[in-house]
Amino acid sequence: MQITHNASLKSYNTFGISAKARAFISVTDIEMLKEALHLEAYPEKFILGGGSNMLLKSDVQALVIHVALKGIKTVKETADNIWLEVAGGENWHEFVMYCVNHGYGGVENMALIPGNVGTAPVQNIGAYGVELKDHFYSCSAIHRTTLEQRTFSLKDCCFGYRDSVFKNELKDQYVITSVTFQLDKNKHELHTGYGAIQQVLNEKKINYPSIKDIAQAVIAIRSSKLPDPKKLGNSGSFFKNPVVPKTIFETIQQKYPEMPFYPVSEAEVKIPAGWLIEQAGFKGKRFGDAGVHKNQALVLVNYGDATGNEIWDLALRIQKEVHQQFGIEIQPEVNIIE
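The shown structure was predicted, so the numbers you read here are calculated from the model rather than taken from an experiment.

Peer 1: Help me understand the overall build of the protein, please; the structure alone is not making it clear to me.
Peer 2: Along the backbone of the protein there are nine helices and 20 strands. In summary, the protein has a C-alpha radius of gyration of 20 Å against a globular reference of 20 Å for 338 residues, a match within 12%. Across its three principal directions, the C-alpha atoms of the protein cover 60 × 55 × 35 Å. Looking at the protein as a whole, 51% of its 338 residues are labelled buried. Pairs at least 24 residues apart make up 61% of the contacts formed inside the protein by residues separated by at least 6 positions. Of the roughly 16,000 Å² that the protein leaves accessible, carbon and sulfur atoms contribute 47%. Averaging the coordinates of the 35 positive side-chain charges in the protein and doing the same for the 37 negative ones gives two points 4 Å apart.

Peer 1: Can you help me understand the side chain of Ser164 in this one?
Peer 2: Within the secondary structure layout, Ser164 lies in the loop between helix 4 (154-157) and strand 12 (174-184). Judged by relative accessible area, which is 1%, Ser164 ranks as buried. Looking at Ser164, its side chain comes within polar contact range of the main-chain oxygen of Val122, at 2.8 Å. Among all residues touching Ser164, those that are not within four sequence positions of it are Pro121, Val122, Cys157, Cys158 and Phe159.

Peer 1: Mind showing me how you'd approach the sheet that holds strand 17 (residues 286-287) here?
Peer 2: Across the sheet, four strands lie side by side as 13-19-18-17; this open sheet has antiparallel pairing. The open sheet has two edge strands, strand 13 (233-234) and strand 17, and neither has a second partner. Relative to strand 18 (residues 290-292), strand 17 runs antiparallel, the two sharing two bridges. Residue pairing in the sheet places Phe287 in a bridge with Ala290 of strand 18.

Peer 1: Looking at this model, I keep getting lost on the nonpolar core. Mind explaining?
Peer 2: Side chains of nonpolar character tend, in soluble globular proteins, to be buried together. Grouped together as the largest cluster of nonpolar side chains are 47 residues, with contacts concentrated most on Phe238, Phe239, Ile277, Leu300, Ile311, Ile318 and Ile330. The element best represented in this core is helix 9 (residues 308-326), accounting for seven residues. What Ile311 contacts, discounting residues up to four positions off in sequence, is Phe15, Ile17, Leu55, Phe238, Ala290, Leu300, Val301, Asn302 and Ala306. Core analysis: the next-biggest nonpolar cluster, separate from the first, contains 45 residues, Cys99, Val165, Leu183 and Val218 among them.

Peer 1: Looking at this structure, I do not really get unusual backbone geometry. What am I missing?
Peer 2: With the exception of glycine, the majority of residues adopt a negative phi angle, and the majority of peptide bonds are in the trans configuration. The phi angle at Asn6 is positive, at roughly 50 degrees, despite the residue not being glycine. Its location among the elements puts Asn6 in strand 1 (residues 4-8). Even without being glycine, Cys158 reaches a positive phi, approximately 50 degrees. Here Cys158 is to be found in the loop between helix 4 and strand 12.

Peer 1: What should I look at first to understand the environment of Gly89 in this one?
Peer 2: Note that Gly89 resides in the loop between strand 7 (81-87) and helix 2 (92-102). What makes Gly89 buried here is its relative accessible area of 3%. Filtering out sequence-adjacent residues up to four positions away, Gly89 remains in contact with Val67, Ala68, Leu69, Lys70 and Asn116.

Peer 1: Explain the packing of aromatic side chains to me, please; I cannot follow it from the model alone.
Peer 2: The geometry of two aromatic rings is summed up by the distance between their centres and the angle between their planes. On inspection of all chains with the given rule, the structure shows 15 aromatic pairs. A ring pair is formed by Trp275 and Phe326, whose centres lie 5.8 Å apart and whose planes are at 55 degrees; its orientation type is tilted. Taken as a pair, Trp275 in helix 8 (residues 273-279) and Phe326 in helix 9 lie far apart in primary sequence, 51 residues in all. Here Trp275 matches Phe326 in class, with each residue buried. Clustering of aromatic rings is evident, with ring pairs tying together Phe15, Phe238 and Phe239.

Peer 1: Sorry if this is basic, but what is going on with the sheet that holds strand 15 (residues 262-263) here?
Peer 2: Strand-to-strand pairing in sheets goes through backbone hydrogen bonds, with the strands running parallel or antiparallel. Taken together, the three strands give an open sheet; going across it, the order is 14-16-15, and neighbouring strands pair in antiparallel fashion. Looking at which strands have only one partner, the edges of the open sheet turn out to be strand 14 (243-245) and strand 15. As judged from the three bridges shared by strand 14 and strand 16 (residues 268-270), these two strands associate in the antiparallel manner. For Pro245, the partnering residue across the bridge sits in strand 16 and is Glu268. Here helix 7 (residues 246-255) sits on the sheet and contacts strand 14 and strand 16; the angle it forms with strand 14, its principal contact strand, is near 90 degrees.

Peer 1: Help me understand helix 6 (residues 211-225) in this model?
Peer 2: Each α-helix winds once per 3.6 residues, and so residues spaced three or four apart point in a common direction. End to end, helix 6 covers 21 Å across 15 residues, agreeing with the expected 21 Å (1.5 Å per residue, within 8%). By the burial criterion, the buried members of helix 6 are Ile211, Ile214, Ala215, Ala217, Val218, Ile219, Ile221 and Arg222. In this structure, the buried residues of helix 6 make contact with helix 2, strand 8 (126-127) and helix 5 (197-203).

Peer 1: Help me understand the packing of helix 2 against helix 6, please; the structure alone is not making it clear to me.
Peer 2: The relative placement of two packed helices is expressed as an angle between their axes plus a distance between the axes. Where helix 2 contacts helix 6, the axes come no closer than 9 Å and their chain directions differ by 150 degrees. One finds that helix 2 runs roughly antiparallel with respect to helix 6. Note on element contacts: helix 6 touches helix 2 through Ile211, Lys212, Ala215, Gln216 and Ile219, opposite His93, Met97, Cys99 and Val100. Here the residues of the contact of helix 2 with helix 6 sort into six nonpolar, two polar and one charged.

What counts, and where the lines are drawn
Residues numbered from 1 in each chain as written. Predicted model: local features only at pLDDT ≥ 70, side-chain atom pairs only at ≥ 80, totals over all residues. Heavy atoms only, no water. Helix = DSSP H or I, 4+ residues; strand = E, 2+ residues; numbered from the N terminus. Rg over C-alpha atoms; globule rule 2.2 N^0.38 Å. Buried < 20%, exposed > 50% of the residue type's maximum accessible area, 1.4 Å probe, protein only. Contact = heavy atoms within 4.5 Å. Areas by Shrake-Rupley, 256 points an atom, 1.4 Å probe, with all protein chains shown as cover. Lys, Arg positive; Asp, Glu negative; His and termini not counted. Charge placed at Lys NZ, Arg CZ, Asp CG, Glu CD. Polar contact = N/O pair within 3.5 Å; in protein donor to acceptor, adjacent residues only side chain to side chain. Pairing = 2+ DSSP bridges. Core = buried A, V, L, I, M, F, W, Y, C linked by side-chain atoms within 4.5 Å. Phe/Tyr/Trp six-rings, centres within 6.5 Å; stacked < 30°, edge-to-face > 60°. Axes fitted to C-alpha atoms, helices over the stretch in contact; angles between N-to-C directions. Expected span 1.5 Å × (residues − 1). Parallel < 35°, antiparallel > 145°, perpendicular 65-115°, else oblique. Nonpolar A, V, L, I, M, F, W, Y, C, P; charged D, E, K, R; others polar.

Interpretation in functional terms is not warranted from these geometric data alone.
Structure (structure tokens):
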């Protein structure tokens with residue numbers, strides 16, 4: 001087991017923050033993971049996946065355990081469905097394209113979301129009208145202290161909007177080692193009504209889209225709006241889209257009739273956080289090496305040498321301005337690591 005001390009985490013977080021780890025180890029199998037979790041020389045452990053949904057505000061004074069478990073296997077199959085168990089260290093987008101290329105439907109709307117499969121349930125990732133929970137079957141996880149292996153069902157995970165039991169009651173208690181998805185082999189239920197998917201399909205004159213067409217449309221849209229983390233440090237959507245009572249929405253709509261929205265229920269409405277941030281004047285603005293992307297105000301970026309604290313200060317400034325202008329509080333989707 002190779003442990004690196006004072007290890008740079010710059011290439012392990014998509015913001016490209018120049019933070020360091022007291023100690024670092026990459027684990028490639030479950031036994032190795034268990035051994036790392038029980039290293040008494042390092043009482044503090046920090047679990048690292050794809051590094052796509054976090055902002056490092058300082059160095060990590062712990063043993064950073066990088067989960068690099070790999071593999072995709074079929075656990076069950078019928079005429080209409082297939083159940084795939086996917087190791088936690090698999091790249092999310094590569095898994096989506098694996099499904100698309102094999103004709104397995106369900107996750108195509110979530111193409112190009114950064115990160116790994118093992119951390120996807122924690123956030124209940126989602127995009128363009130589809131969330132992970134929609135095709136989640138179960139996940140396997142190891143308790144960080146007892147090393148107990150447990151299987152979590154859909155119900156066990158208590159999924160909500162960018163939320164799960166792993167962010168609440170069981171926060172920092174388990175390491176997800178694999179996720180099992182139930183996918184469609186035929187009779188695909190396509191979701192084209194969210195965002196610009198239908199517009200892209202129309203432009204390409206695709207009247208009867210396949211799951212591959214949907215994925216390619218999503219990739220085109222995301223690529224036009226979201227910067228490649230390998231070229232410009234970012235963590236995708238920094239803020240959650242706020243869900244507000246319909247009464248509050250209607251009051252704001254009187255002043256801003258052009259405000260986009262998505263009904264959540266009879267009593268609640270979701271408003272795009274990116275639109276709110278843009279209206280507050282932050283789109284394309286730069287403050288030193290921390291900034292807001294020119295094509296998508298929901299994305300905070302690191303132009304080179306921004307610290308985590310500088311990006312967080314910008315996030316706080318945005319929250320304050322949006323609240324002052326609209327009376328709406330927007331919350332980070334990204335995990336803030338102190």
